[in-house]
Amino acid sequence: SPDEASLIARFQTLEIMESHNLRLNQTALLHLASLSTFQKLSMTLPDQVAIHHLDPTTAFKTLKSLELNSVDDCRTLKLFLRSLNYESLEHLVLSTTLDSHSGEIKETLEGVSAFTNLRSLTVHARPPNEDALVSFSANSFKPLHCLRLLRRLQFGWMNIGVDNHIIPTLGLDVPRPTYL
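Residues numbered from 1 in each chain as written. Predicted model: local features only at pLDDT ≥ 70, side-chain atom pairs only at ≥ 80, totals over all residues. Heavy atoms only, no water.

**Side note on the overall build of the protein**
Part 1: The number of helices and strands found in the protein is six helices and eight strands.
Part 2: The N-to-C order of helical and strand elements in the protein reads α-β-α-β-α-β-α-β-α-β-β-β-β-α.
Part 3: Residue burial in the protein is summarised as follows: out of 180 residues, 43% are buried.
Part 4: Pairs at least 24 apart in sequence give 70% of the contacts found in the protein among residues at least 6 apart. (Helix = DSSP H or I, 4+ residues; strand = E, 2+ residues; numbered from the N terminus. Buried < 20%, exposed > 50% of the residue type's maximum accessible area, 1.4 Å probe, protein only. Contact = heavy atoms within 4.5 Å.)

**Focus on the packing of aromatic side chains**
Part 1: Applying the stated criterion across every chain, the model contains three aromatic pairs.
Part 2: With centroids separated by 6.3 Å and ring planes inclined at 45°, the aromatic side chains of Phe 38 and Phe 60 adopt a geometry described as tilted. Taken together, the positions of Phe 38 in the loop between helix H2 (26-34) and strand S2 (40-44) and Phe 60 in the loop between helix H3 (48-51) and strand S3 (65-71) put the pair 22 residues apart, joining distant regions of the chain.
Part 3: The exposure class of Phe 38 is buried, given its relative accessible area of 1%.
Part 4: The class for Phe 60 is buried, based on a relative accessible area of 2%.
Part 5: Ring centres of Tyr 86 and Phe 115 lie 5.0 Å apart, and the angle between their planes is 75°; this geometry places the pair in the edge-to-face category. With a gap of 29 residues between them, Tyr 86 in the loop between helix H4 (74-82) and strand S4 (91-96) and Phe 115 in the loop between helix H5 (104-112) and strand S5 (120-125) connect regions that are remote in the sequence.
Part 6: In this structure Tyr 86 comes out as partly exposed when scored by relative accessible area, which is 33%.
Part 7: Given a relative accessible area of 0%, Phe 115 falls into the buried group.
Part 8: Through pairs of rings, three or more aromatic residues link up here, namely Phe 38, Phe 60 and Phe 80. (Phe/Tyr/Trp six-rings, centres within 6.5 Å; stacked < 30°, edge-to-face > 60°.)

**A look at the side chain of Asn 85**
Part 1: Relative to the elements of secondary structure, Asn 85 occurs in the loop between H4 and S4.
Part 2: A polar side-chain atom of Asn 85 sits 2.7 Å from the main-chain amide nitrogen of Glu 87.
Part 3: The residues touching Asn 85, leaving out its near neighbours within four places in the chain, are Ala 59, Phe 60, Lys 61 and Phe 115. (Polar contact = N/O pair within 3.5 Å; in protein donor to acceptor, adjacent residues only side chain to side chain.)

Structure (structure tokens):
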């Protein structure tokens, strides 16, 4: 809303904004993206219209921690991730209802793999209906191989097929884990 954007725009040295259910409009998102002091953001995934106006060369240059809630569209998520600074982000939490059977979880992890300084990744993949399980195979982890600094890897609400073949893969994905 316009009131939300004008309120957020008043804060010129904001470092942290935690509003799990807030979907920022274009004006508010652009303001936060421009702040040189901004380090932590928790919000609902913005819509594509707001995201299209972000400049990946300048947006969220100091953002270290991001929590995105209500992630239900893989294309919008990938667009938003591409608009962020790949070097500064260290902690990422995604709460999603993406479909693991369509490959959206693997696509999401492919987008996350660009953040090579990521130290912590949490993915809560809630199934579209309560009777279903979100499941995916060891192959889905492959995009994480390049995240050499990753120490904490957490998946919630998921059924991950773990067998003797996935253990070496997890060792490649998270070579020095502190939490798995």
